[in-house]
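What follows is each chain in one-letter form.
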Amino acid sequence: MIEEYKTQNHIVFVPSKFEEIFQKYARTNPEALTADELDEFLKGNREPKDYGGWIAGLTEWKTLYYLAKDKNGLLEKDTIKAVYDGSLFEKMAAETAKKKHK
């Protein structure tokens, strides 16, 4: 997608490209994406006739949205960043544990 590049078989996170997603698509909240904004982002970044890529991107991003959206239906910027730095599931586990102890 727009926020990463492959370099020598490694994915490199590019902060400026990541920020462009929110500048272009996050209209409801500048720090998060709604389901509709996520759909617009996916449609806006499709490669022509790459149907496998469309399905893969849709599956990855919709799964992330389903698992990690907040109570208001927003997929927050920090949550998406957590995918790239590897801390997403630790963050989700901590939030689940916190809810169980309330």
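Residues numbered from 1 in each chain as written. Predicted model: local features only at pLDDT ≥ 70, side-chain atom pairs only at ≥ 80, totals over all residues. Heavy atoms only, no water.

Asks: I'm lost on the pattern of salt bridges in this one. Help?
Replies: Pairs can form between side chains of opposite charge once their charged atoms are near each other. For the structure shown, the criterion picks out five salt bridges. Measuring nitrogen to oxygen at the nearest pair gives 2.8 Å for the salt bridge that ties Arg27 to Glu40. Here Glu40 lies in helix H2 (residues 35-44) and Arg27 lies in the loop between helix H1 (15-25) and strand S3 (32-33), a separation of 13 residues in the sequence. When its relative accessible area of 53% is taken as the criterion, Arg27 is described as exposed. When its relative accessible area of 36% is taken as the criterion, Glu40 is described as partly exposed. Overlapping salt bridges, with partners in common, bring together Glu19, Glu31 and Lys77 in one network. (Salt bridge = Lys/Arg side-chain N within 4 Å of Asp/Glu carboxyl O. Helix = DSSP H or I, 4+ residues; strand = E, 2+ residues; numbered from the N terminus. Buried < 20%, exposed > 50% of the residue type's maximum accessible area, 1.4 Å probe, protein only.)

Asks: What's the story with the side chain of Glu37 in this structure? I'm lost.
Replies: Within the secondary structure layout, Glu37 lies in helix H2. Although Glu37 is buried, it forms no salt bridge, and the closest oppositely charged side chain is Arg27 at an N-O distance of 4.9 Å. At 3.0 Å, the side chain of Glu37 forms a polar contact with the backbone nitrogen of Arg27. A polar side-chain atom of Glu37 sits 2.8 Å from the main-chain amide nitrogen of Thr28. When residues no more than four places from it in sequence are discounted, the contact partners of Glu37 are Tyr25, Ala26, Arg27, Thr28 and Ala32. (Lys, Arg positive; Asp, Glu negative; His and termini not counted. Polar contact = N/O pair within 3.5 Å; in protein donor to acceptor, adjacent residues only side chain to side chain. Contact = heavy atoms within 4.5 Å.)

Asks: Explanation requested: a nonpolar patch on the surface in the structure shown.
Replies: Together, Tyr66, Leu67 and Phe89 make up an exposed nonpolar region whose accessible area comes to about 400 Å². Checked against the element boundaries, Leu67 lands in helix H3 (residues 51-68). Judged by its relative accessible area of 44%, Leu67 falls in the partly exposed class. (Patch = residues over 30% accessible without salt bridge, like charges linked within 9 Å, V, L, I, M, F, W, Y side chains within 5 Å. Areas by Shrake-Rupley, 256 points an atom, 1.4 Å probe, with all protein chains shown as cover.)

Asks: Is there a simple way to think about the layout of surface pockets in this case?
Replies: Take a probe with the size of a water molecule and roll it over the atoms, and the empty space left behind shows itself. If you add up the space inside the second largest pocket, you get close to 440 Å³. In this structure, the second largest pocket is lined by 15 residues; those nearest its centre are Ala68, Lys69, Asp70, Glu95 and Lys99. For the lining of the second largest pocket, the secondary structure elements donating two or more residues are H3 and helix H5 (88-100). Considered class by class, the residues forming the lining of the second largest pocket number five nonpolar, two polar and eight charged. (1 Å grid on protein atoms, 1.4 Å probe; cavity = no way out; pocket = protein on both sides within 12 Å on 5 of 7 lines; lining within 4 Å. Points joined across faces, edges and corners; volume = space filled by probe spheres on them. Nonpolar A, V, L, I, M, F, W, Y, C, P; charged D, E, K, R; others polar.)

Asks: Would you explain the confidence of the model for the chain in this entry?
Replies: If pLDDT is low for a region, its predicted coordinates should not be looked at in detail. Mean pLDDT over the chain works out to 89, with 89% of the residues at or above the 70 mark. Element-level mean pLDDT values for the chain span from 51 in strand S1 (residues 4-7) up to 98 in S3. (pLDDT = per-residue confidence, 0-100.)

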